[in-house]
Amino acid sequence: MEFFADALTKTLPAYLQSLPIPRNAEELTAMTPEKAVEIAPLFLVLVVHFFVVQMLLCGSGSKAARCNTMIKLDSPKVVDKVTPKFKDGKIVMCRCWKSKSFPYCDGSHTAHNKETGDNVGPLIILEK
Ligand code: FES
């Protein structure tokens, strides 16, 4: 309960900090039933606010959000320069980050799409 009250306090905007929310078990047990009913809707809004903020904060920094999970992971940014060598009048570039011959497509996007339900595919550059 202490954790929850502490987390609520930290995620509350400053203008909501003065609201009569019990901050610990002692304050909670001292509350009258009438007061509890009075602040119940506010408490519900605060709980929803807490979880929405947590979801937004956790989702943005998550490793699961990465599209690149295997190519040059030690590099701060993956940049490739290529000299175009057209084969059969085209160059097929990977956009799924799963190719073992990155930056060229090797067809790995098919397995990725099947596994994840994604719909990524290559960039095909046509020779004039
Ligand atoms: S392997 Fe990545 S787009 Fe084909």
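Just above, that's the structure.
Residue positions within a chain follow its written sequence, with the count starting from 1. Reporting in this predicted model follows two pLDDT cut-offs: at least 70 for local features of residues, and 80 or more for side-chain atom pairs to be given and counted; totals over whole chains, interfaces and linings ignore these cut-offs and use all residues. Side-chain numbers come from the whole structure's heavy atoms, not from hydrogens or water.

> So what's going on with the side chain of S108? Residues and values would help.
Going along the chain from the N terminus, every DSSP run of H or I of four or more residues is numbered as a helix, and every run of E of two or more is numbered as a strand. Its location among the elements puts S108 in helix α4 (residues 108–116). As used in this structure description, the phrase polar contact means that two N or O atoms lie within 3.5 Å; if the pair is within protein, one of them must be able to donate a hydrogen and the other to accept it, and residues adjacent in sequence are counted only when both atoms belong to side chains. At a separation of 2.6 Å, a polar atom in the side chain of S108 contacts the side chain of D106. With residues up to four places along the chain from it excluded, the contact list for S108 reads K98, S99 and K100. Note on definitions: a residue-residue contact is assigned when non-hydrogen atoms from the two residues lie within 4.5 Å.

> Now, about the packing of aromatic side chains: what can you tell me, with residues and values included?
For Phe, Tyr and Trp, rings pair up if their centres lie within 6.5 Å, where Trp contributes its six-membered ring, and each pair is then called stacked (planes under 30 degrees apart), edge-to-face (over 60) or tilted (otherwise). Taken as a whole and judged by the stated rule, the model has one aromatic pair. When the centroid spacing of 4.8 Å and the interplanar angle of 25° are considered together, the rings of W97 and F102 count as stacked.

> Tell me about α4, residues and numbers included.
Within the sequence span of α4, burial applies to S108, H109, H112 and N113. All buried residues of α4 fall inside an arc of 135° around its axis, so they share one side. In α4, the exposed positions angled more than 90 degrees off the buried face are occupied by A111, K114 and E115. Phi turns positive one or two residues past the end of α4, at G117, with a value near 80°. Buried residues are those whose accessible area, probed at 1.4 Å on protein chains only, stays under 20% of the maximum for their type, while exposed residues exceed 50% and partly exposed ones sit between those limits. Taking the helix axis as origin, the arc is that swept by the directions to the C-beta atoms.

> Give a detailed account of the side chain of N113, specifying residues and quantitative values.
Inspection of the secondary structure assignment puts N113 in helix α4. Those residues within four positions of N113 in sequence are excluded, and the remaining contacts are D118, N119 and V120.

> A description of the environment of F43 should follow, citing residues and the corresponding values.
Here F43 shows up in helix α3 (residues 33–60). A relative accessible area of 32% means that F43 is categorised as partly exposed. Residues F43 and P22, 21 residues apart in the sequence, show an inter-C-alpha distance of 9.7 Å.

Keep in mind these numbers describe shape, not what the thing actually does.
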